[in-house]
Every structure is written in structure tokens, then in C-alpha cells.
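Remarks on the overall topology
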Amino acid sequence: MEHEDVDPSSLTSNLFDVAMVFAVALMVALVTKFDMTEIFSQEDYTIVKNPGKDNMEILIKKGEKIEKYTPDENAKPQDGAKGKRVGIAYQLDNGEIIYVPED
């Protein structure tokens, strides 16, 4: 019976492969769990993070470009745009939108 030479690095490469498969599976699970599949689509979209709060952010994807807006006047977004909250919009059950300005 012959003894085969065992390569000690083969175990390490197999562990690396397993870790990569696990990482990809975890990323796919997180994307589907948090319903973020639109990030990978070719369609344009708008995401509002923390709506109505002081740390609210608006992310707009147009084609390959992603713009970020913040309502804080002291913030320095990447594209130089900034804004502040000027009112609240409500959408009724019939689809009509009512804007209420703030003082």
C-alpha cells in the first residue's frame, strides 16, 4: 500500500472556498430579507431613510448615478445639495396627496 503525499495547504484552500460560499449566501439572504433587491436593478428609485427625523436622508438613483440629500443645513453632502424640512405630505386612501407647510 502506497502512502500519498498530503498537501497541508489543500485544507486551507478548501476552508477558503467554504468561507466564500458562506459569505455569498449570507449577502443574498440579507438582501432578500431586507427587501433591497431594487439596489441591483437597472430601474431608477428613491429611498428615504429615517423619514421625518433629524437624521433623514434621501437617496436617489438615476441610471448609474446615486445622489444623496440630507435635511440638515450644516451637512455637507457629496454633491453640494442640502435642504431642510418645509412641511409634511399626506397621501389619502383615494391617492390624493395633501401638503401641509410648517411654520
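Here the structure is a predicted model, which means the values were calculated and not measured.

**A look at the overall build of the protein**
From N to C terminus, the protein includes one helix and five strands. Along its sequence from the N terminus, the protein presents helices and strands in the succession α-β-β-β-β-β. When each of the 103 residues of the protein is scored for burial, the buried share is 11%.

**Let's talk about helix α1 (residues 8–33)**
Given a rise of 1.5 Å per residue, 26 residues ought to cover 38 Å, and the 38 Å separating the end C-alpha atoms of α1 matches this to within 8%. Immediately beyond the C-terminal end of α1, within one or two residues, lies D35, with a positive phi of roughly 50°.

**A short note on the pattern of salt bridges**
Counting across every chain of the model gives three salt bridges. The closest approach of N and O atoms between E57 and K49, which form a salt bridge, is 3.3 Å. Assessed through its relative accessible area of 18%, E57 is described here as buried. Its salt-bridge partner being E67, residue K65 comes within 3.6 Å of it at the nearest N-O pair.

**Points about a nonpolar patch on the surface**
Together, F22, L26, L30, F34, M36, I39 and F40 make up an exposed nonpolar region whose accessible area comes to about 720 Å². Here F22 lies in helix α1. Accessibility expressed as a relative area gives 57% for F22, which makes it exposed.

**Section: the pairing of strand β4 (residues 87–91)**
Looking along a regular strand, one sees side chains alternate from face to face of the sheet. Relative to strand β5 (residues 97–101), β4 runs antiparallel, the two sharing five bridges. Its bridge partner being in β5, G87 is matched across the sheet by P101.

**Things to note about the side chain of K61**
Along the polypeptide, K61 turns up in strand β2 (residues 57–62). Salt bridges are absent for the buried K61, whose nearest opposite-charge side chain, D44, sits at 5.3 Å. Reaching out from K61, the side chain makes a polar contact with the backbone oxygen of G63 at a distance of 3.4 Å. Among all residues touching K61, those that are not within four sequence positions of it are S41, Q42, E43, D44, Y45 and I66.

**Some thoughts on the side chain of E57**
Inspection of the secondary structure puts E57 in strand β2. One polar contact links E57 to K68, side chain to side chain, over a distance of 3.4 Å. If near-sequence neighbours (up to four positions away) are discounted, E57 is found in contact with I47, V48, K49, K68, Y69 and T70.

Parameters and conventions
Residues numbered from 1 in each chain as written. Predicted model: local features only at pLDDT ≥ 70, side-chain atom pairs only at ≥ 80, totals over all residues. Heavy atoms only, no water. Helix = DSSP H or I, 4+ residues; strand = E, 2+ residues; numbered from the N terminus. Buried < 20%, exposed > 50% of the residue type's maximum accessible area, 1.4 Å probe, protein only. Expected span 1.5 Å × (residues − 1). Salt bridge = Lys/Arg side-chain N within 4 Å of Asp/Glu carboxyl O. Patch = residues over 30% accessible without salt bridge, like charges linked within 9 Å, V, L, I, M, F, W, Y side chains within 5 Å. Areas by Shrake-Rupley, 256 points an atom, 1.4 Å probe, with all protein chains shown as cover. Pairing = 2+ DSSP bridges. Lys, Arg positive; Asp, Glu negative; His and termini not counted. Polar contact = N/O pair within 3.5 Å; in protein donor to acceptor, adjacent residues only side chain to side chain. Contact = heavy atoms within 4.5 Å.

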